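Listed below, chain by chain, are the residues.
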Amino acid sequence: MEDCSGGTEELEMFNPPPEGKIKEALLKLSTEANELYLNSQVPVLDAVPSPLEFYRDWVASNKPVILQGVTKHWPALTKWTPDYLRARLGEKEVSVAVTPNGYADAPNGRYFVMPEERQMKFGKFLDIMEDPDSQPGIFYIQKQNSNFTEEFSEIMSDAAPEIPWFSEALGRSPDAVNFWMGDERAVTSSKCLGSIIVTCNLLALLLCVFLLVKGKTWPDSAEVMEPKPLLYEFYRGMELHPRILGVDVKQLTNCRFGLLAWELLVVNFFLAGWEKHGFSLAHLVSAALQTVYLAKFYWWETGYFNTLDIILDRAGYYICWGCLAFVPSLYTFASYYLVANPPVMSTLESIATFLLGILAISLNYRVDWEKEHFKATNGRCNLWGKPATYIEAVRETDKGIQHSKLLTAGFWGVARHLNYTFELLLALSWCLPGLGRGILPFSYFIFLTILLVHRVFRDEEKCAAKYGFFWETYCSRVPYRMLPGAF
Ligand SMILES: NC(=O)C1=CN([C@@H]2O[C@H](COP(=O)(O)OP(=O)(O)OC[C@H]3O[C@@H](n4cnc5c(N)ncnc54)[C@H](OP(=O)(O)O)[C@@H]3O)[C@@H](O)[C@H]2O)C=CC1
Ligand SMILES: CC(C)CCC[C@@H](C)[C@H]1CC[C@H]2C3=CC=C4C[C@@H](O)CC[C@]4(C)[C@H]3CC[C@]12C
């Protein structure tokens, strides 16, 4: 690769347009093509079309299509084993691209860099494929100059160097037929996501079935949900705090598995994006904000043990499948999306987004902290420079008369759920690097808006039942839920 560095200096003299401008132009082109005539997904055809259909529906209208199963009759599919290829081509000299990252045919930062090319015996190349760590670099046979017909004529009859209906539709034989071969490092790490998500789903479903059976047959405590339709019991769960081998299930699924998987995936997606398109500050901002947010969660973890998830929601599909499968898939989606669709955000916008995110995380933490601090000091604390004000709620319970305090100072005197408002703002901040890439990068933000608005009503129903008249007094003193003056 050293030879390439001289080339980079020469390229500098052409003074290419800034990367942001190229990305912007390409994005505009792709958006316009999508709006004007493209399908939202590339269609898949299972049957071979006639030359006329192929020309009319896809070539002439300039639309992409995936043809499935067109090569299933090729002998190559069963014949091409390492032994067979060695016997036919072992002594043959072939051209092999060697790169540090597996991208022999892709832009590297602002430049399209040619890979180092080595001539070697095909047998030697197969040895490297079988033991990739035996040599530094990633070896990849990939040429665009019809290397299949030029260099691999010995195995040409195992495949079809020309597809008749395709040539008929185009009115010409192919200009080039290429043979590519490499190991899995030519593929980005995000390609494994499908298997990870399937595994999480299977594990989660198994656990939910187990929890249902356990709750019905050998619950940890006498307190289990009264009988309901089976599907409901499966969805909502049976037990509040089940344990498996002494481990609290909800703490394991929510705090350990779900959130750690979230962090690992977000870091992985950032690295995959970097490997694929070069370093992106905006992608880093998105990953860094999520990392700070999750670190904040662990700092505040004991506060989480007083939330609806722990005190009200039972261990069932909603919470356990949610944390084992839904959190790794949807909560990480903003970062995942940026792997294939790199951000088009400028450096200045990225820095502004980071600052917005940090501000929102700090405010969210501050709101939660004020309530925690107020409860820990039994109301004897200062907030915003003044002694905290509150409503003393008295209620009769199984354990006798109980006294509780409803905070009316600090953020809890401005609106009843400002922590959710800042939660939405912080979620928006790490989705923002996907701006200009359609609605999908904002999936998590949209889901969270629905979840939190619904949660406001769930939480207030619980508080109204618990505090009765005193809750109504709090609501009249602090009339807004999330947005003072509006909601
Ligand atoms: N990213 C995500 O998917 C989600 C994140 N979150 C975040 O988790 C954190 C915790 O949220 P969550 O548990 O839902 O809600 P809260 O932290 O707002 O807790 C609500 C509870 O606090 C108590 N409370 C309410 N108002 C007062 C008051 N004025 N004075 C004293 N106590 C009061 C009541 O419990 P009690 O009966 O003890 O008095 C109420 O049930 C937040 O930061 C939130 O943004 C939440 C949901 C989803
Ligand atoms: C079945 C699905 C459609 C819905 C699943 C919802 C759950 C996965 C989530 C419901 C509440 C979520 C959380 C609440 C509070 C949290 C604190 C925050 O600081 C980190 C995230 C979280 C633990 C979050 C995790 C997902 C839920 C349990």
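Our structure's up above, just so we're on the same page.
Residues numbered from 1 in each chain as written. Chains lettered and ligands numbered in written order. Predicted model: local features only at pLDDT ≥ 70, side-chain atom pairs only at ≥ 80, totals over all residues. Heavy atoms only, no water.

Engineer: Can you help me understand the site of ligand 2 in this one?
Structural biologist: Around ligand 2 there are 13 residues in total, and Tyr293, Phe297, Asp309, Tyr331 and Arg455 lie nearest to it. Contact distances for ligand 2 include 3.0 Å between an oxygen atom and a side-chain N or O atom of Tyr293. Within the complex, the protein chains bury 87% of what would otherwise be the 610 Å² of accessible surface of ligand 2. At the level of elements, helix 12 (281–299), helix 15 (317–331) and helix 19 (443–467) are the ones that each hand at least two residues to the shell around ligand 2. Among the elements that make up the shell around ligand 2, the one with the highest residue count is helix 15 (seven residues). Partitioning the shell around ligand 2 into residue classes produces ten nonpolar, one polar and two charged. (Near = heavy atom within 4 Å. Polar contact = N/O pair within 3.5 Å; in protein donor to acceptor, adjacent residues only side chain to side chain. Areas by Shrake-Rupley, 256 points an atom, 1.4 Å probe, with all protein chains shown as cover. Helix = DSSP H or I, 4+ residues; strand = E, 2+ residues; numbered from the N terminus. Nonpolar A, V, L, I, M, F, W, Y, C, P; charged D, E, K, R; others polar.)

Engineer: Help me understand the site of ligand 1 in this model?
Structural biologist: In the neighbourhood of ligand 1, 27 residues make up the surrounding shell, with Asp368, Tyr420, Asp459, Lys466 and Tyr467 lying closest. At 2.7 Å from an oxygen atom of ligand 1 is found a side-chain nitrogen or oxygen belonging to Arg455. At 2.7 Å from an oxygen atom of ligand 1 is found a side-chain nitrogen or oxygen belonging to Lys462. Across the complex, the protein chains shield 93% of the 910 Å² of accessible surface that ligand 1 would expose by itself. Counting residues per element, the ones that place at least two in the shell around ligand 1 are helix 17 (347–376), strand 14 (400–407), helix 18 (418–431), helix 19 and helix 20 (469–477). Broken down by element, the shell around ligand 1 gets its largest block of residues, ten residues, from helix 19. Classifying every residue of the shell around ligand 1 by side-chain character gives 15 nonpolar, three polar and nine charged.

Engineer: Before we go on, may I ask you to explain the sheet that holds strand 3 (residues 93–99) in this structure?
Structural biologist: Backbone-to-backbone hydrogen bonds join strands into a sheet, with any given pair of strands oriented parallel or antiparallel. Taken together, the four strands give an open sheet; going across it, the order is 6-3-7-8, and neighbouring strands pair in antiparallel fashion. The open sheet is flanked by strand 6 (116–121) and strand 8 (181–182), the only strands paired with a single partner. Here strand 3 pairs with strand 6 via six bridges, running antiparallel. Paired with Val96 across the bridge in strand 6 is Arg118. Along the sheet, helix 6 (residues 122–130) makes contact with strand 3, strand 6, strand 7 (138–141) and strand 8, crossing strand 6 at roughly 110 degrees. (Pairing = 2+ DSSP bridges. Contact = heavy atoms within 4.5 Å. Axes fitted to C-alpha atoms, helices over the stretch in contact; angles between N-to-C directions.)

Engineer: Even after reading the chapter, I still don't get the packing of aromatic side chains, so can you show me in this structure?
Structural biologist: Note on aromatic pairs: each is described by the distance of the centres and the angle between the planes. Across all of its chains, the model carries 43 aromatic pairs by this definition. With a centroid separation of 5.9 Å and an interplanar angle of 10 degrees, the aromatic rings of Trp430 and Tyr444 are classed as stacked. Of this pair, Trp430 sits in helix 18 while Tyr444 sits in helix 19, and the two are 14 residues apart along the sequence. Like Trp430, the residue Tyr444 is buried in the burial classification. For the ring pair Phe457 and Phe487, a centre distance of 6.2 Å and an interplane angle of 55 degrees mean the geometry is tilted. Linking Phe457 in helix 19 with Phe487 in the segment after helix 20, this pair joins segments that are 30 residues apart in sequence. (Phe/Tyr/Trp six-rings, centres within 6.5 Å; stacked < 30°, edge-to-face > 60°. Buried < 20%, exposed > 50% of the residue type's maximum accessible area, 1.4 Å probe, protein only.)

Engineer: Honestly, helix 18 in this entry has me stumped. Any pointers?
Structural biologist: Every α-helix carries 3.6 residues per turn, so stepping three or four residues along brings you back to the same face. The first and last C-alpha atoms of helix 18 sit 20 Å apart over 14 residues, in line with the 20 Å expected at 1.5 Å per residue. Most of helix 18 sits inside the fold, with twelve of its 14 residues counted as buried. What helix 18 keeps buried is the set Leu418, Asn419, Tyr420, Thr421, Phe422, Glu423, Leu424, Leu426, Ala427, Ser429, Trp430 and Cys431. Looking at the packing, one finds that the buried side of helix 18 touches helix 11 (249–277), helix 12, helix 16 (333–340), helix 17 and helix 19. (Expected span 1.5 Å × (residues − 1).)

Engineer: Can you help me understand the pattern of salt bridges in this one?
Structural biologist: Two side chains with opposite charge may pair up if their charged atoms get near one another. Counted by the stated rule, this structure contains 20 salt bridges. Among the salt bridges present, the one from Asp127 reaches Arg86, with a minimum N-O distance of 2.7 Å. Placement of Asp127 in helix 6 and of Arg86 in helix 5 (residues 82–89) is noted, with a sequence separation of 41 residues between them. What makes Asp127 partly exposed here is its relative accessible area of 39%. Of the residues examined, Arg86 reaches a relative accessible area of 26% and is grouped as partly exposed. The partner of Arg172 in a salt bridge is Asp175, and the shortest N-O contact between them spans 2.7 Å. Overall, the relative accessible area of 64% leaves Asp175 in the exposed class. Linked by salt bridges that have partners in common, Arg86, Asp127 and Glu130 make up one network. (Salt bridge = Lys/Arg side-chain N within 4 Å of Asp/Glu carboxyl O.)

Engineer: So what exactly am I meant to see when it comes to the nonpolar core here?
Structural biologist: Nonpolar side chains tend toward joint burial in soluble globular proteins. Counting 35 residues, the largest nonpolar core has Trp262, Tyr293, Trp430 and Tyr444 as its most contacted members. Ranked by residue count, the leading element in this core is helix 12, at seven residues. Cys463, Trp471, Cys475 and Val478 belong to the second largest nonpolar core, which has 21 residues in total. (Core = buried A, V, L, I, M, F, W, Y, C linked by side-chain atoms within 4.5 Å.)

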